[in-house]
Structure formats: structure tokens, C-alpha cells
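For reference, the chains in residue letters:
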Amino acid sequence: MKTKSSLTKKIIFFLSFLFLGYASFSQSEMEKLLPTDEKVVSGVLKNGMKYYIRKNSKPEKRAELRLAINAGSTSEDDDQQGLAHLTEHMAFNGSKNFKKNELVDYLESIGTKFGPHLNAYTSFDETVYMIQLPTDQQSILEKGLQILEDWAHNLTFDSVEVQKERGVVVEEWRLGQGANERMRRKYWPLLFKDSRYAVRLPIGKKEIIEQCKQSTLKRFYSDWYRPDLMAIVAVGDFDVKQMEEKIIAQFSGIPSKMDSRLLQKFTIPENKDLIIATASDREARRSEVEIIFKQPMQNHKTVGDYRRGLAQQLFIQMMSSRTNELLRKANAPFLASYSSFSTLVRNQYAYSCSAICREDSIEKALTALVSENERVRRFGFSKSELARQKSELLRGMEMSYSERDKTESRNFAREYVSNFLTGEPMPGIEYEYSLTKKYIDGITLEEINAFSNQWISNGKNCIVLVTAPDKETTRIPSDERIKNIISSMQSLDLKPYDDKVSDKPLLDKILPGSKVTFEKKTEEYKITEWVLANGVKVIAKPTDFKNDQILFSSYSWGGWSLYPDNDFMSAANSDEIIDESGIGDYDANELEKKLSGKIVSCSPYISELQQGFNGSSSPSDLETLMQLIYSYVVFPRIDSVAFNALMESRKPYLQNKNADPATVFSDTVSYVMSGYNFHFRPANPEMLKEINLKRAFEIYKERFSNSSGSVFVFVGNFNLDTLRKMSEKYLGSLPSNHSKAMWQDIGVNPPNGIVERTVKMGQEPKSSVMMRWHMAFEYNRNNRNEVNVLNKLVNIRLREVLREEKSGVYGVSFVSSPQHFPDQKLEQYIYFSCSPDNVNMLINSALDVLKEIKYKGCDEKNLVKIKETALRERETYLKENSFWLNVLSSNSQNGEDVLDLLKYNDWVNGLKASDLLAFSKKYLQMENYAKFILQPKEGGSK
């Protein structure tokens, strides 16, 4: 029983917290409801179905449609576990207006790709269907709405199709099997103790998926697919009024269901005492510790709720920054760390912090997480930390605001689906930005620090999860020891955090610069090229695709191919070593702090044949980006402490990698296909000893010591004159001896003839297959286009045969990779996972597909799909900065003319079935064939 005095203290503290947080704002202001974005048209039909509509033109001539059902696996009866998911699959396999596979066939014929543009998901509490459609024809939009209506109440559950799809869902189940799933089965009953979530995993039970009666599946559909549990979302480049009329006409006729079952809301009960869940597995690759503090459900309806959310974001960002800073310290307690405040499940929030660690340092990692949380609870955050994170948060919000007219339709669609399912507010970025600017300055340290007392406990509603490899070196602390660590947090000997910051300028040097000596313009695509006096080339394409984005990359020839074998590891890792060390007077942690509040990133790379940089910035931070580029070239630094921390972080992954069947399989394929090249040896901990810090630093400086011949590509929202001046000042000051290096051929030669390898590993009834081919190839744009369309045909037919006809795989991929340097060749592969019992059957089926295409080519139905997909892809790509960055860099490296892009649509439109037959004969050459199979170690046929 609380004494009067202790209760009074708590009331005084709570009132003080309110006063500190909201002193300058009235209670009525905080209780004001968040508005709904006026750009969203929403309503409820007479049958109870809700709809959301918004016009948005990013991407142009596209619409995102969603059907959201407020029911998932928690609504399943005992005999239906897995049938919410199976029902979702059946939506693609037959309805009133689209028999069997007609739906996918139709959508692919209009350029909608299965997977990227057509998909669905099932979770604990919801099922959501997603389509992206072209909007340049009204008939397409109308048919899209017909698809949503069919999903809502017109699925047919054809018995043959149900039987086929059982196999596909089982293969999806099979993909998830492995060490992580086995450990999950051990700790989920404790994580979700005494709740529905512990016994209703969305993937379900294999035996029910395989054996359930058709009537049981239909019962789930009948019970839960009903208008009062559904919402239609339409966002895209269309007329809103017309869309609303169409939705009302299309969906009002869906009948309401009388005597419908009550949709229950499930929660996770409180735990009075600490819950500890530990699990180990001999195939696990890493150890992880997570502390979860369950929190009550929060409202997100008022201005006060929004302001509280801002304060919570600041807390999480500052906590994450603190733990991440430890990663580069000597004897770092963990290898990676994460903090979050979010939903654990639909009606349960949680504050959690986790760390990936060495298997012999689990207790150390747990203690470090506890210590950092207790340090915050005891001493709070500092003024400088808060100022920095406020700047970061506000800058991120400014970026979202500036991109408000360039936001992708799928992002709006996701927001409206969440509003329907969980009540997530949708006031619009303009309103959110105004609230953030208004309230962020007034959020105090006391207010934020108070969260630590609210969230963190030493037992109640606290769960500790530990997962680790099952091996002799693993040291999982006992439950009693974990309890002691948690319960004794308040007695830890801790000091306040010291926030080391510097006010030195990022670059304090007068630069000589060099002028543009050559300029070329390509008016058709508004591309400008400059060559500076020091030999640096700049290729620039200003765009308005994004308001607050500039992307860049650079390259010059050489890479680690120029170094002998004994320098390989030092050369191949030198870029990451420098990146972890910082630049100039700033170590990596100090550099992150220096760049807070800016939208800018820059990272060096050294690959086999090249070295250069990748990065991005906002227009306002372009000069900072240029300073980073210059500093990484002229003022790189080495940090022995950060280097040692990096090497220590690598060891656990390498020590445990051979326990994972998929990793061993991948290593085998890579090593064999390299011709057992020294540089492609499967990595192991001993190889880390080959990395010499001093030599890595020397190699890095050598690779970036001569910028003559370097090519920098900039794409995005910049002023051309401004970029020119900055290029002359910063890129023009890069060192140059006016010579040009070239790469060396390291002799990676895939084996010729027939190669077969079988890897036997794994406990689960799961196999993987990799089939690979290689051939000589003339590397040019036309041949790459031919390979690309052939690639589309093979993927369509593999899916149709291996997934839809044989029901043997969840997914299958055919990939073609043309290569120009060091020699011109084409590598192709087919990859899939399946039951061990079906390996040979599916391999033969895949080979039959290739033979069919090689000797019969392409039918008219698939030709239409291929052409339409290619044209629709290009239509979208031409409005993306990343596409142009890749194109301009590739053109430069390969000596190609960017104006060739103008011919692409005519080439695609002119394609004939006979062309696809010619391409298949040209590129599906079967002479050099390698087959790799991963089989479970002990049978595993289930």
C-alpha cells in the first residue's frame, strides 16, 4: 500500500512533468484533434466499406490501389491456422471475373509486374492487397477496381487451384525455416506469453495448409472478408471526383453480412516479473540480446499526442547515437546496436534496445545496454545532444516538406492503409511540419529524460531475449544472472556521458582550384560535361524529379586489381577502414556529430577495377558534400582504435558463417565459378590477419593520389552555374599528375564444360538450386537490350511452370549479367529453393523451359507482356535520379552515346516473336553449365 507521502511525491512529479512539457501551451491547445489532410477525399459506403482517394502525380500516369482487410491470422479458428495467408494467395488464382491465372496475365499485359507492382501480405491483424496500374486509359483503372471488388467478395476457390496453391504456400513456409525460425519458436511463446499472438503466427501450420478442407478455407473468407472490415485506397494521377464516383458505383453493391462475427482486439498481458527467453541453434550466425519494455497503447489523435511523439523520437535518436558511438571504441561491448519505440503488435507498444554481439560476450553486451539506459535515467541527456538531434529531426521534416509535391503515391497509400487499420493520423506534411516547427524548440531535456523513468523498469513488463549459436564458445548467462543484471541497474557505478564535440570547420584551407578547360552539352537530355585543368571530368544533369536531392558517384580505373596477393586484403578493405576512421581532425564519431542537421553522405570505395565515391546531398548541403570529397582524398586518417574495433566486429561473423548452410552454399558457388581464384576464397577469421593497417592506409592514398581521369557524375536539383563553381574549387583542387592508370586482369575464369557440386548441410527439409551458364559476349547497348527482354520471357515462363503448374517453388529467378571488363562475357543463372524431394523434377522443368524458349520462342501473349513491361519501366525510369546516375556513369565507362536511349521505345515497339526466338538461340547457350545443389544433411524429406 502506498503511503500518503510517496503518493504525493508521485503526483507532484507528474504535474511537474506536465508543467515542464506544456508550460507555454494551454491544455485546450494540446487537446485539439489533429485534422485530416484536406487533399484526401474519404468516406464510408452504406455497407460500411471505407475509401480514401488522393490525386498525386509521382510517378506520372500511375495509380496505387489498395484493398485493406482488418483481419489476419489472429482471426483464424484453431482449424484455420495459416488459412488467412492461403486465402490471400487464392486471390491471385481465380475469381468471378478472372479465372485461374487470368488476373496475373492481364496485369502483366498492361505492364504491371508480379511482385514489384502486384502483391499482398498477411500479418497478425490485417491483410492488404496492392496494385500499381497505368492511368492513361480509363478502361485500365476500371478493370483495376473490378479486381479489388473480386478480391473483396468474389473469389472462387477452384478446387484444382486451391490444391496447387497449397504447395506454393508450403514452399513459402519452407523458405522461412532455419536457425532463426527454430529459435523464434522457442522464444515467441514467452515474448507473447498468454496472448493470441503466441499461437497464431501468420505463416500458420504446414499440416493445416496441406490438409484443410476447402470449406474451412471458404469459412475464413466468408467470416472476415466483409465491407465493414474493408477499405479501398486509390492514390495516383487521375481525377479524384471521377474516381470517387467509380468507387461508390463499384463497391456499394457488395452486401453487408448479417449476424457477422465480432472482430476481437487482442493484447499481450502485463508481466509482473521479468521474463527471460534464451535460445541457441548450431546453425545460427550471430548472437543477439534484446531488452523489451512493454508500454501501454498510445493515442495519436491530438496535438499533444503529436508533440509527445516528437519528444519520443528525440529520446530514441539520442539513445541510438550513444550506443552507436561505442562501436568504434576499444573493447566495444557489441558489434551493432538498435533502439526503438514502436508497436510490438497492433495494440501493444514497446521500448526496446538490442545489440548484436560475440557469443562469448553476451553478458557484456547486456550489461552495456543496461548501463547506457541507466546512465540516461540517472543523469539524462546533455544540452548539446538535444540540440543536435533537434536539428536532425527538423531537417528531416524540412526535407519531407520540400518533397511534398514529389512524394511517391505508394507512400500516401501506405499512410491511408495505416489510418484505416490502426488510426494513424494523416494530417498532411504541411500541418506536421508546422507543428514540428512550433513545438520542437520548447521540448525540454527534463521532459525527454522523464521517458526513461516511464519506460525502463527492472522487472515489470520487461522481457530479455537472447539468441546465439549453439557452440562451445557460446556463453549465455543463466536466467539468475540475467535477473541480477536487470535488478541491479540502479546500483551500477556510472559517470555522466561526455559529449565530445568540435567547433572547428570541416575544411579550413584555401584551395587553388582549377578552371573548366572543355565543355560539352547534350541538349536533348540537358546533360553538360566539363573537363577541369587537373584532368577531372564532371558530368551533370539537373533535374526536378526531387526537390531536395542530389545524387553523385565517381570512378577512376585501377582498384585493388593492381596489387599483389599479399596486399589483397589490405587493399580490398582500405575503403571501409578509412570510412571508419574519419577525415582530417575528425574521427568518425565526431564527423557524424559535425554533419548533424545536414542531408549529406559520402563514402569512398575501392573495387576490383575502380576506386571512387558514392553519395548524396540536399541542394543546400552541396558545398559540404564537396568538402567531404576533397577531405577524403587529401586528408584521410587512420584510427587504430576504430580499426581494431572493426576487425573485432568482423571476427564473430566469420567464425560462425560456416554454420549457416546458405552461406556455405553461396561461398561454394562463388569460389567454383571464379575458377578457384585466390581473391574469391571463402572468407575466414584467419584472413583478417592479412589486413595491415599501415599498408591499407598507403594503398588508399595511392589509389586516390591522382585524380586525372576521374569522372564525377551529378544528377538532381542543382543550379548548373553553382555546381560548376564548386567543381572548379573543390574537384579542381584534387591532386593530379595527368597520367591515367588502368586495371589489371586478375584471372577470374569460370570453368568450362559441365560442373556439378552438391553441398550437404542443414537440419530443415529445404534445398536450394543454382544453375549457371557463361558465354562470350559482345558488350554493347543493343545486345544488352536483347538480353534484357529475353530475361523477362524466361522469368515469366519459369514462374508459370515451376510455381503455377508444378507448385514446387514460392519464387524462382533467372538473371543475366553482361560484363564488359576485364573481358566481355555473359553470365546467367537460375535460382530457387524447394523441397529436397522435388530438386531433380524442378531442375528438369527449368531446363525444359529454356529448351522450349530456345526452340519455340515466345507466344503472342507473352510478347505483349514483355513489350508493355519494358515500355512502362522506361517511362518511369526516365523520371528517376538513380536511373540517370547509373546511365551516365555506365555510358562514360563504356564509351557509349547517351542519345542511343532515344531509340529504345522504337526498338521495343518493333519487337516480334521471331526476334525473341533469335535472341534465345543467341544467348541460351548450354555448353558451359554448372549445377549447384544444397541438400539437407540428414534426408529431411517432409
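Presented here is a report on the structure given in the accompanying data block. (Residues numbered from 1 in each chain as written. Predicted model: local features only at pLDDT ≥ 70, side-chain atom pairs only at ≥ 80, totals over all residues. Heavy atoms only, no water.)

**So, the overall build of the protein**
Here is the rule: Counting from the N terminus, the helices are DSSP H or I runs at least four residues long and the strands are E runs at least two residues long. We compute the radius of gyration over the C-alpha atoms and compare it with the globule rule, which gives 2.2 Å times the number of residues raised to the power 0.38. Here's how the labels work: a residue is buried when its accessible area is under 20% of the maximum for its type, exposed when over 50%, partly exposed in between, all with a 1.4 Å probe on protein chains only. We call two residues in contact whenever any of their non-hydrogen atoms come within 4.5 Å of each other. Exposure was quantified through the Shrake-Rupley algorithm and a 1.4 Å probe, taking into account, for residues, occlusion by the shown protein chains and nothing else. Asp and Glu count as negative and Lys and Arg as positive, but His and the ends of the chain are not part of the count. Throughout, a charge is located at the NZ atom of Lys, the CZ atom of Arg, the CG atom of Asp or the CD atom of Glu.
For the protein, the count of helices and strands is 30 helices and 23 strands. Its C-alpha atoms give the protein a radius of gyration of 29 Å, near enough to 30 Å, the size a compact globule of 942 residues would have. C-alpha extents for the protein along the principal axes are approximately 85 × 70 × 60 Å. Per-residue burial for the protein yields a buried fraction of 56% across its 942 residues. Taking as baseline every contact in the protein between residues at least 6 positions apart, the subset at least 24 positions apart corresponds to 84%. Carbon and sulfur atoms make up 49% of the accessible area of the protein, which totals about 40,300 Å². A distance of 2 Å separates the average location of the 128 positive side-chain charges in the protein from that of its 126 negative side-chain charges.

**What about the packing of aromatic side chains?**
Heads up, the condition is: Pairing of aromatic side chains requires ring centres within 6.5 Å, counting the rings of Phe and Tyr and the six-membered ring of Trp. Pairs whose planes differ by under 30 degrees are stacked, by over 60 edge-to-face, and all others tilted. We call a charge positioned over a ring when the NZ of a Lys or the CZ of an Arg lies within 6 Å of the ring centre and within 35 degrees of the ring normal.
Summed over the entire model, instances satisfying the criterion amount to 44 aromatic pairs. Both rings, one in Phe-293 and one in Tyr-351, keep their centres 5.9 Å apart while their planes meet at 15°; by these two values the pair is stacked. Here Phe-293 is found in strand S8 (residues 287–295), whereas its partner Tyr-351 is found in strand S10 (residues 348–357), with 58 residues between them in sequence. Pair check on accessibility: Phe-293 and Tyr-351 agree, each one buried. Lying across the ring of Phe-678, Arg-681 places its NZ or CZ 3.9 Å from the centre. Over the aromatic face of Tyr-904 sits the side chain of Arg-874, whose NZ or CZ is 3.8 Å from the ring centroid.

**Some remarks on the pairing of strand S16 (residues 600–606)**
Going by this rule: Two strands qualify as a pair provided that DSSP identifies no fewer than 2 bridges between them.
Within S16, 5 of the 7 residues are buried, which leaves it mostly tucked inside the rest of the structure. As paired strands, S16 and strand S17 (residues 610–617) are joined by 7 bridges and run antiparallel to one another. Bridge pairing in S17 places Tyr-605 opposite Gly-612. Hairpin connection from S16 to S17: 3 residues lie between these consecutive antiparallel strands.

**Overview of the state of the cysteines**
For clarity, the threshold we go by: A pair of sulfur atoms, both from cysteines and within 2.5 Å, is called a disulfide here.
Here the structure, examined in full by the defined rule, presents 0 disulfides. In this structure Cys-357 is a free cysteine whose sulfur lies 13 Å from that of Cys-353, the closest cysteine sulfur available.

**Structural notes on helix H10 (residues 240–251)**
As a reminder, the rule being used: Multiply 1.5 Å by the residue count of a helix minus one, and that product is the helix's expected span. Directions from the helix axis toward the C-beta atoms define the arc.
Taking 1.5 Å as the rise per residue, H10 with 12 residues should run 16 Å; its terminal C-alpha atoms sit 16 Å apart, in good agreement. Listed as buried for H10 are Val-240, Met-243, Ile-247, Gln-250 and Phe-251. For H10, the buried positions fall inside an angular range of 95° around the axis, keeping them on one side. Facing away from the buried side of H10, by more than 90 degrees, are the exposed residues Lys-241 and Ala-249. On its buried side, H10 packs onto strand S1 (41–44), strand S2 (50–55), helix H5 (138–153) and strand S6 (230–236).

**Quick notes on the pairing of strand S20 (residues 767–776)**
Within a regular beta strand, the side chains point alternately toward one face of the sheet and then the other, so they alternate between its two faces. Across the 10 residues of S20, 9 count as buried, placing the element largely inside the fold. In this sheet, strand S22 (residues 825–834) lies alongside S20 in antiparallel orientation, the contact comprising 10 bridges. Residue Ala-776 lies in a different strand from S22, and its bridge partner there is Lys-825. As defined by bridge partners, S20 adjoins strand S23 (residues 929–935) across 6 bridges and the pair is classed as antiparallel. What sits directly across from Val-769, in S23, is Ile-933.

**What to know about the environment of Ile-292**
Along the chain, the position of Ile-292 falls in strand S8. With near-sequence residues (within four places) excluded, Ile-292 lies in contact with Leu-191, Ala-350, Tyr-351, Ser-352, Asn-461, Cys-462, Ile-463 and Leu-465.

**Quick word on the packing of helix H18 (residues 568–581) against helix H23 (residues 693–703)**
For the record, the criterion: For helices, the fitted line uses only the C-alpha atoms of the stretch in contact; every axis is such a line through C-alpha atoms, and the angle between N-to-C directions lies from 0 to 180 degrees. Orientation is classified from the angle alone, with under 35 degrees giving roughly parallel, over 145 giving roughly antiparallel, 65 to 115 giving roughly perpendicular, and any other angle giving oblique. In this count, Pro and Cys sit with the nonpolar residues alongside Ala, Val, Leu, Ile, Met, Phe, Trp and Tyr, while Asp, Glu, Lys and Arg are called charged and the others, Gly among them, polar.
Where H18 contacts H23, the axes come no closer than 8 Å and their chain directions differ by 85°. It follows that H18 is roughly perpendicular to H23 by the angle criterion. Contact residues: Ser-570, Ala-571, Ser-574, Asp-575, Ile-577 and Ile-578 in H18; Leu-693, Arg-695, Ala-696, Phe-697, Ile-699 and Tyr-700 in H23. When grouped by side-chain class, the residues that make up the contact of H18 with H23 number 8 nonpolar, 2 polar and 2 charged.

**Some points on unusual backbone geometry**
For the bond from Lys-58 to Pro-59, the omega torsion is 0°, close enough to zero to count as cis. A cis geometry characterises the amide bond from Phe-821 onward to Pro-822, with omega recorded as 0°. Within the secondary structure, Pro-822 sits in the loop between strand S21 (812–819) and S22. Although it is not a glycine, Asp-259 adopts a positive phi angle of roughly 55°. Along the chain, Asp-259 turns up in the loop between H10 and strand S7 (275–281). Judged by relative accessible area, Asp-259 falls into the exposed class, the value being 80%. Even without glycine at this site, Tyr-676 takes up a positive phi of about 55°.

**Overview of the pattern of salt bridges**
Heads up, the condition is: Salt bridge, as applied in this entry: a Lys or Arg side-chain nitrogen positioned within 4 Å of an Asp or Glu carboxyl oxygen.
For the structure shown, the criterion picks out 79 salt bridges. The closest approach of N and O atoms between Asp-585 and Lys-504, which form a salt bridge, is 3.9 Å. In this pair, Asp-585 is assigned in the loop between H18 and helix H19 (588–594) and Lys-504 in the loop between helix H17 (479–487) and strand S12 (516–522), connecting sequence segments 81 residues apart. Judged by its relative accessible area of 43%, Lys-504 is partly exposed. A salt bridge links Glu-868 to Arg-872; its shortest N-O distance comes to 3.0 Å. Of the two residues, Glu-868 and Arg-872 are both situated in helix H27 (residues 860–877); the distance of 4 residues between them amounts to about one turn of the helix. For Glu-868, a relative accessible area of 22% translates into the label partly exposed. Residue Arg-872 is classed as buried on the basis of its relative accessible area, which comes to 8%.

**Re the side chain of Ser-649**
Test applied: For this analysis, a polar contact is any N or O atom pair within 3.5 Å, provided that within protein one partner can donate a hydrogen and the other can accept it, and provided that sequence-adjacent residues contribute only side-chain to side-chain pairs.
Structurally, the position occupied by Ser-649 is in helix H21 (residues 640–656). Among the polar contacts listed, one links the side chain of Ser-649 to the backbone oxygen of Leu-646, at a separation of 2.6 Å.

**A few points about the sheet that holds strand S3 (residues 62–69)**
Across the sheet, 6 strands lie side by side as S1-S2-S6-S3-S5-S4; this open sheet has mixed pairing. Of all the strands in the sheet, just S1 and strand S4 (118–122) have a single pairing partner and so form its edges. In this sheet, neighbouring strand axes are inclined to one another by 10° on average, regardless of whether the strands run parallel or antiparallel. Inspection of the sheet shows S4 paired to strand S5 (residues 127–134) by 5 bridges, in the antiparallel sense. Residue pairing across strands places Ala-120 opposite Tyr-129, the latter belonging to S5. Contacting S4 and S5, helix H3 (residues 83–90) runs over the sheet at an angle of about 165° to S4.

**Let's talk about H17**
Listed in full, the buried residues belonging to H17 are Ile-482, Ile-485 and Ile-486. With its buried residues spanning 95° around the axis, H17 presents them on a single face. Buried-residue contacts for H17 involve S7, S8, helix H12 (362–379) and strand S11 (462–469).

**Here we look at the packing of H5 against H10**
Put simply, the rule is: When the near helix sits turned anticlockwise from the far one by under a right angle, the crossing is termed left-handed; a clockwise turn instead gives a right-handed crossing.
With their axes 10 Å apart at the nearest point, H5 and H10 run at an angle of 35° to one another. By crossing handedness, the relation of H5 to H10 is classed as right-handed. From H5, Gln-138, Leu-141, Glu-142, Leu-145, Gln-146, Leu-148 and Glu-149 reach across to H10, where they touch Gln-242, Met-243, Lys-246, Ile-247, Gln-250 and Phe-251. Its residues assigned to classes, the contact of H5 with H10 comprises 6 nonpolar, 4 polar and 3 charged.

**Brief notes about the sheet that holds S22**
Here we have 5 strands laid out as an open sheet, ordered S19-S23-S20-S22-S21, and mixed in their pairing. Every interior strand has two partners, whereas the edge strands, strand S19 (754–760) and S21, have only one. Each adjacent strand pair in this sheet contributes to an overall mean axis angle of 15°, direction not counted. Relative to S23, S19 is paired through 7 bridges, and the arrangement is parallel. Bridge pairing in S23 places Glu-756 opposite Lys-931. Along the sheet, helix H25 (residues 781–805) makes contact with S21 and S22, crossing S21 at roughly 165°. Where helix H26 (residues 839–856) meets the sheet, its contacts fall on S20, S22 and S23, and the angle it forms with S20 comes to roughly 30°.

All we've got here are geometric facts, nothing functional implied.
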